[in-house]
Amino acid sequence: MDYVDSCQLPTPWAVFTLHAFVSPDTGKEHVALTLGNVADGQPVLARVHSECLTGDALFSQRCDCGAQLETALQVIAKEGRGMLLYLRQEGRGIGLVNKIRAYQLQDQGADTVEANVQLGFPADMRRYDICKPMLAHFGVSELRLMTNNPKKVNALTQAGINVVERLPLQVNRNRYNEGYLQTKAAKLGHWFATHAPVDEQE
Ligand SMILES: Nc1nc2c(ncn2[C@@H]2O[C@H](COP(=O)(O)OP(=O)(O)OP(=O)(O)O)[C@@H](O)[C@H]2O)c(=O)[nH]1
Ligand SMILES: [Zn+2]
């Protein structure tokens, strides 16, 4: 993973620093946002977020990605210190066009895992080993990670990253993503509080 350059990134919640990386293996461009001094040796409040163009940029309510991204940045801003790795592995690694094909199958009744399988992909193709060199660039080795995904915690741990604490990130449960979140819990093992309220707003 090659570090390229950094700039200021003002957001509604804080002025982050945005850092650009390029993977020589895949040519993919990944970014990290940091706030405060993350290189002081203390565990860092962090979100490892995989790209979801539909949720992160186009306001899709099919998933919880956009709300998780926004909330993670807000929580980091409130703490005044932390980082977000934005990994360009759209659609759990199958890419945008294939994710749209998977959504079409879901419109016909498949769940999020069945749709991937029908297209010939595993349920989740994401790689987290790319995080290690990104974190090493900042001198970060211990994370307090915001996630509901146990496989993400395991994969990061296997990649040599020390997840010292797991913080839940449950936001934007709505009538459109209820089934998606249920499948995540049933088939992908996500931790969700069963009593989480459904947001009935449009
Ligand atoms: N293939 C496929 N990918 C999806 C679907 N819905 C969302 N995604 C992708 O799933 C990924 C979501 O990743 P994260 O936000 O890291 O979420 P997570 O791994 O489920 O776990 P959390 O850390 O708890 O959010 C993104 O890459 C989305 O593009 C779907 O129905 N099919
Ligand atoms: Zn999404």
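Residues numbered from 1 in each chain as written. Chains lettered and ligands numbered in written order. Predicted model: local features only at pLDDT ≥ 70, side-chain atom pairs only at ≥ 80, totals over all residues. Heavy atoms only, no water.

### Quick notes on the overall build of the chain
- Each helix and strand in the chain was counted, giving seven helices and seven strands.
- The N-to-C order of helical and strand elements in the chain reads β-β-β-β-α-α-β-α-α-α-β-α-β-α.
- Over its C-alpha trace the chain gives a radius of gyration of 17 Å, about what one expects of a compact globule, namely 17 Å for 202 residues.
- Counting only C-alpha atoms and orienting by the principal axes, one finds that the chain spans roughly 50 × 40 × 30 Å.
- Looking at the chain as a whole, 46% of its 202 residues are labelled buried.
- Taking the intrachain contacts of the chain between residues at least 6 apart in sequence as the baseline, contacts between residues at least 24 apart amount to 60%.
- Counting only carbon and sulfur atoms, one obtains 53% of the accessible surface of the chain, whose full area is about 10100 Å².
- Computed over 20 positive and 22 negative side-chain charges, the separation of the two mean positions in the chain equals 4 Å. (Helix = DSSP H or I, 4+ residues; strand = E, 2+ residues; numbered from the N terminus. Rg over C-alpha atoms; globule rule 2.2 N^0.38 Å. Buried < 20%, exposed > 50% of the residue type's maximum accessible area, 1.4 Å probe, protein only. Contact = heavy atoms within 4.5 Å. Areas by Shrake-Rupley, 256 points an atom, 1.4 Å probe, with all protein chains shown as cover. Lys, Arg positive; Asp, Glu negative; His and termini not counted. Charge placed at Lys NZ, Arg CZ, Asp CG, Glu CD.)

### A few points about the UniProt feature "domain: GTP cyclohydrolase II" (unreviewed entry) in the chain
- Annotation from UniProt places "domain: GTP cyclohydrolase II" (unreviewed entry) at residues 6–168.
- Between the C-alpha atoms that bound residues 6–168 the distance is 29 Å, and the span itself is 34% helix and 27% strand. (UniProt positions renumbered as here; feature names shortened; annotations may be inferred.)

### Quick notes on the coordination of the zinc ion (ligand 2)
- Within the first shell, the zinc ion (ligand 2) binds the protein through Cys-52 (SG), Cys-63 (SG) and Cys-65 (SG), at distances of 2.1 to 2.2 Å.
- In terms of primary sequence, the donors binding the zinc ion (ligand 2) are separated according to C-x10-C-x1-C. Residues Cys-63 and Cys-65 agree in their burial class; the two are buried. (Donors = N, O, S within 2.8 Å, 3.2 Å for Na, K, Ca; no water.)

### With respect to the side chain of Asp-64
- Following the sequence through the fold, Asp-64 ends up in the loop between helix H1 (53–57) and helix H2 (65–79).
- For Asp-64, the residues in contact, after removing those within four places along its chain, are Val-171, Asn-172, Asn-177, Tyr-180, Leu-181 and Lys-184.

### A short note on helix H7 (residues 178–187)
- Among the residues making up H7, those that are buried are Tyr-180, Leu-181, Thr-183 and Lys-184. For H7, the angular spread of the buried residues around the axis is 160°, confining them to a single face.
- Buried residues belonging to H7 abut helix H4 (112–118).
- Gly-189, located one to two residues past H7, shows a positive phi value of around 80°. (Arc of directions from axis to C-beta.)

### A closer look at the UniProt feature "binding site: Zn(2+)" (unreviewed entry) in the chain
- Residues annotated in UniProt with the feature "binding site: Zn(2+)" (unreviewed entry) correspond here to Cys-52, Cys-63 and Cys-65. In the annotation above, Cys-52, Cys-63 and Cys-65 are the residues that line the largest cavity.
- In this fold, Cys-52 is placed in the loop between strand E4 (44–50) and H1.
- A relative accessible area of 5% places Cys-52 in the buried class. (1 Å grid on protein atoms, 1.4 Å probe; cavity = no way out; pocket = protein on both sides within 12 Å on 5 of 7 lines; lining within 4 Å.)

### Observations concerning the environment of Leu-73
- Counting through the fold element by element, Leu-73 comes out in helix H2.
- Residue class for Leu-73 comes out buried when judged on its relative accessible area of 9%.
- Taking C-alpha positions, Leu-73 is 25 Å from Lys-99, a pair spaced 26 residues apart along the chain.
- Not counting residues within four places of it along the chain, the set of residues in contact with Leu-73 comprises Trp-13, Phe-16, Leu-33 and Leu-84.

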